[in-house]
Amino acid sequence: MKGVSPNLLPPNTMRFATEGEHESPAFTFDFHFVEHLPLAPSSTSSHQWEQVFTRPDITVWSKGTLERRQLSSMEGPYAIYEEDSDRHANIWFPLALSSNLSIDGVLVSTLSLERHLSPLGTYIFHCAYMNHCGMAVLLSGPSGAGKSTHAHLWEQFVANTYIVNGDRCLINRQADGRFCASGWPICGSSGICQNESLPLHGIAFIEQTPNNQLIQESPAHLFTRLYSQLTVNHWNIEATAVAADWVLSLLNTLPVMVYGCNMAPDAPFILYDELFKRCGIGSWPNQKSTIYNNL
């Protein structure tokens, strides 16, 4: 990434920086700080950009396999992202707003990182990401479902557990078909953001219910839940189909379940036992004192 000073970047992002001086990057970006953003491209010629998608926060154009984006907030456009090859993009950013790059969500959206990750079998997933005994357990669901609160219960009451990221992670399908979870430099309001990669053990979608219980759902509904929490560029038909296949592979490989729970100290118990029983590691119904803390 050229043209931007490290002191403008978010502190969370810098935790994921690597030296890599002797490696050839898969993709590079050049930042251009300007008084005024470039105008929208013309679509009058087949050799020009063609608009393929628009909503209030983003407009997308394509030209062959290349992509151009205009990113907007409530105050108006704040960045232009434009690829000139399959390995390089230029980014124009208003000079007056340069300090906004220190907001991690702004930087990540400006780089269009999800576009470059998905061809590698890697997707941004909305979840609370926990490390339990060196394995990744992900708690997902829409905002307000209680995944962050439940993750803190695991951290407090389940031994050898801590939160790696309170809001996002990357899920990667490796060449051997296994999945792993990795840290991501956006952590929402949790403030918890660590650069850590672990084998993915299981995923639970959290719902708030009076009693703690596993909720049975069809594979089709689990597919919908998983897919809805991924960052996918839906205007790209090919990429959307690849993402759907990726989700099916994950469902066929790992335990994915729905867990209704309250937020009492014993809320993690049923989910913990089910996750590890289904993964072949076994549950310890008679040894909770060695597994759960502070009870």
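Quick look at the structure, then. Being a predicted model, the structure only gives us computed values, none of them experimental. Within each chain, residue numbers correspond to sequence positions counted from 1 in written order. Per-residue local features of the predicted model are confined to residues with pLDDT of at least 70, and side-chain atom pairs are confined, for both listing and counting, to 80 or more; whole-chain, interface and lining totals are unaffected and use all residues. Processing note: side-chain calculations cover all non-hydrogen atoms of the structure and skip hydrogens and water entirely.

**Concerning helix 4 (residues 147-157)**
Each residue is assigned to one of three classes by its accessible area relative to the maximum for its type, calculated with a 1.4 Å probe on protein chains only: buried under 20%, partly exposed between the two thresholds, exposed over 50%. Think of it this way: any DSSP run of H or I at least four residues long counts as a helix, any run of E at least two long counts as a strand, and we number them from the N terminus. Among the residues of helix 4, those classed as buried are K147, H150, A151, L153, W154 and F157. Along the axis of helix 4, the buried residues cluster in a sector spanning 155°; they form a single face. This arc is built from the directions going out from the helix axis to the C-beta atoms.

**Concerning helix 6 (residues 237-253)**
Expected helix span is taken as 1.5 Å per residue step, with the number of steps being one fewer than the number of residues. If you check helix 6, its first and last C-alpha atoms are 25 Å apart, about what 17 residues at 1.5 Å a residue would give, namely 24 Å. All buried positions along helix 6 are accounted for by A243, A244, W246, V247, S249 and L250. Any two residues having at least one pair of non-hydrogen atoms within 4.5 Å are treated as being in contact. In the core, the buried residues of helix 6 are packed alongside strand 7 (122-132), strand 10 (168-173), strand 11 (179-182), strand 12 (197-208), helix 5 (219-228) and strand 14 (256-261). Where helix 6 starts, the residue carrying a side-chain oxygen 3.2 Å from the main-chain nitrogen of E238 turns out to be N236. Side-chain atoms alone can form a polar contact between residues adjacent in sequence; in general such a contact is a pair of N or O atoms within 3.5 Å, and within protein one must be able to donate a hydrogen while the other accepts it.

**Some thoughts on the side chain of H116**
Summarising the element assignment, H116 is placed in helix 3 (residues 113-117). Polar side-chain contacts of H116 include one of 2.8 Å to the side chain of Y81. Ignoring anything within four residues of it in the chain, the contact list for H116 reads F27, F29, Y81, E83 and L111.

**Concerning the sheet that holds strand 4 (residues 66-73)**
Backbone hydrogen bonds hold the strands of a sheet together, and the pairing may be parallel or antiparallel. The strand order 1-6-5-4-3-2 describes an open sheet built from six strands, whose pairing is mixed. Both edges of this open sheet fall to strand 1 (28-34) and strand 2 (50-55), since each of them pairs with a single strand only. Taken over all neighbouring pairs, the strand axes of this sheet differ in orientation by 15° on average, direction set aside. With respect to the sheet, helix 2 (residues 104-111) is in contact with strand 1, strand 4, strand 5 (76-85) and strand 6 (88-94), its orientation differing from that of strand 5 by roughly 35°. For two strands to pair, DSSP has to find at least two bridges joining them. Every axis in this analysis is a line fitted to C-alpha atoms, fitted for helices over the stretch in contact. Angles between the N-to-C directions lie between 0 and 180 degrees.

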